[in-house]
Amino acid sequence: IKVNLDKPPTPKEDEVKMKKDAIKNEIIQNQITLSDFAEKILSIASEELFKKFKKEVTEETQKYFLEIAPQADEFEGIQIDDNSFAITAVRSKNKGKKISQGQAHALGLSYISGIRTVMQRNYFMMIDSPFHNISQDSKLLACRQIPERLGSTQITFFTTDTEYRAIVESDEMGDKVNSVRNELKDNG
């Protein structure tokens, strides 16, 4: 603002200056209002996307878990915590009983499958000991489902040779059961 000390501003100049200030203030206020509106819209969209993604991941994880988990008939579904994203298998009976290590591994594989449903990129995956403590029949069921669920995703399993190559021979306890290696090969 230039002030001419020789001559005081005229009422018209004062009026023009006040109008300019009012316009600037209105523009600033509109920008603030627009910013607040955008923040609210983004917050609502974020909440909706979170609900949608969580619902999709929960449904897919549950579906897969109830197909491959050892003793899957003991469970009614799974839950995912809103804050920590921890997954829990919900038992239909004995709700206080913890899940076995084999069931926990099946739950982990299921969660990976669920998360893949909302990812846009096909990142490779590395999974450490996914078949540890899972009965042979459940391992093979997972091996039939993994290629179907994860499609062209490159997966690297870290397993022991026994986990990977072992074949259960037939005996008085049951029929011969294939190895994880052969089952994965047979299912592409």
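In this report, the structure presented in the accompanying data block is examined. Within each chain, residues carry numbers counting from 1 in the order of the written sequence. Given that the model is predicted, a residue must reach a pLDDT of at least 70 before its local features are reported, and side-chain atom pairs must reach 80 or more before they are shown or counted; all residues, however, enter totals for whole chains, interfaces and linings. The basis for every side-chain value is the complete set of heavy atoms in the structure, and neither hydrogens nor water enter the calculation.

Only DSSP runs of H or I reaching four residues or more are called helices, and only runs of E reaching two or more are called strands; each is numbered from the N terminus. Regarding its fold elements, the protein presents 5 helices and 4 strands. Scanning the protein from its N terminus toward the C terminus, one meets helices and strands in the order α-β-β-α-β-α-β-α-α. By the burial criterion, 27% of the 188 residues in the protein qualify as buried. What makes two residues a contact is simply this: any of their non-hydrogen atoms within 4.5 Å. For the protein, long-range pairs separated by at least 24 residues make up 59% of all intrachain contacts whose partners lie at least 6 apart in sequence. Relative accessibility decides the category of a residue: with a 1.4 Å probe and only protein chains considered, values under 20% of the type maximum give buried, values over 50% give exposed, and everything between is partly exposed.

Working definition of a nonpolar core: buried Ala, Val, Leu, Ile, Met, Phe, Trp, Tyr and Cys residues. They are joined through side-chain atoms within 4.5 Å. The biggest cluster of nonpolar side chains holds 22 residues, and the ones touching the most others in it are Phe 65 and Ile 68. Dropping the residues within four chain positions of it, Phe 65 is found in contact with Ala 72, Phe 75, Ile 78, Ala 89, Gln 103, Ala 106, Leu 107 and Ser 110.

At Gln 71, a residue that is not glycine, the phi angle is positive and equals roughly 55°. Relative to the helices and strands, Gln 71 resides in the loop between α1 (11-68) and β1 (75-80). If you check the backbone angles, Phe 85 has positive phi at about 65° while not being a glycine. Topologically, Phe 85 is positioned in the loop between β1 and β2 (87-91). For Phe 85, a relative accessible area of 39% puts it in the partly exposed group.

Working definition: a ring pair exists when centres of Phe, Tyr or Trp rings (six-membered ring for Trp) sit within 6.5 Å. Plane angles under 30 degrees give stacked, over 60 give edge-to-face, the rest tilted. Evaluated as defined, the whole model comprises 2 aromatic pairs. Here the aromatic rings of Phe 50 and Phe 85 are separated by 5.8 Å at their centres, their planes lie at 65°, and the arrangement is edge-to-face. In this pair, Phe 50 is assigned in helix α1 and Phe 85 in the loop between β1 and β2, connecting sequence segments 35 residues apart.

A few words now on the side chain of Thr 58. Here Thr 58 shows up in helix α1. In protein, a polar contact requires one atom able to donate a hydrogen and another able to accept it; more generally it is a pair of N or O atoms within 3.5 Å, and residues adjacent in sequence count only if both atoms are side-chain atoms. Here Lys 54 takes part through its backbone oxygen, which lies 2.7 Å from a polar atom of the side chain of Thr 58. Excluding its chain neighbours within four sequence positions, the residues that come into contact with Thr 58 are Ile 78 and Ile 80.

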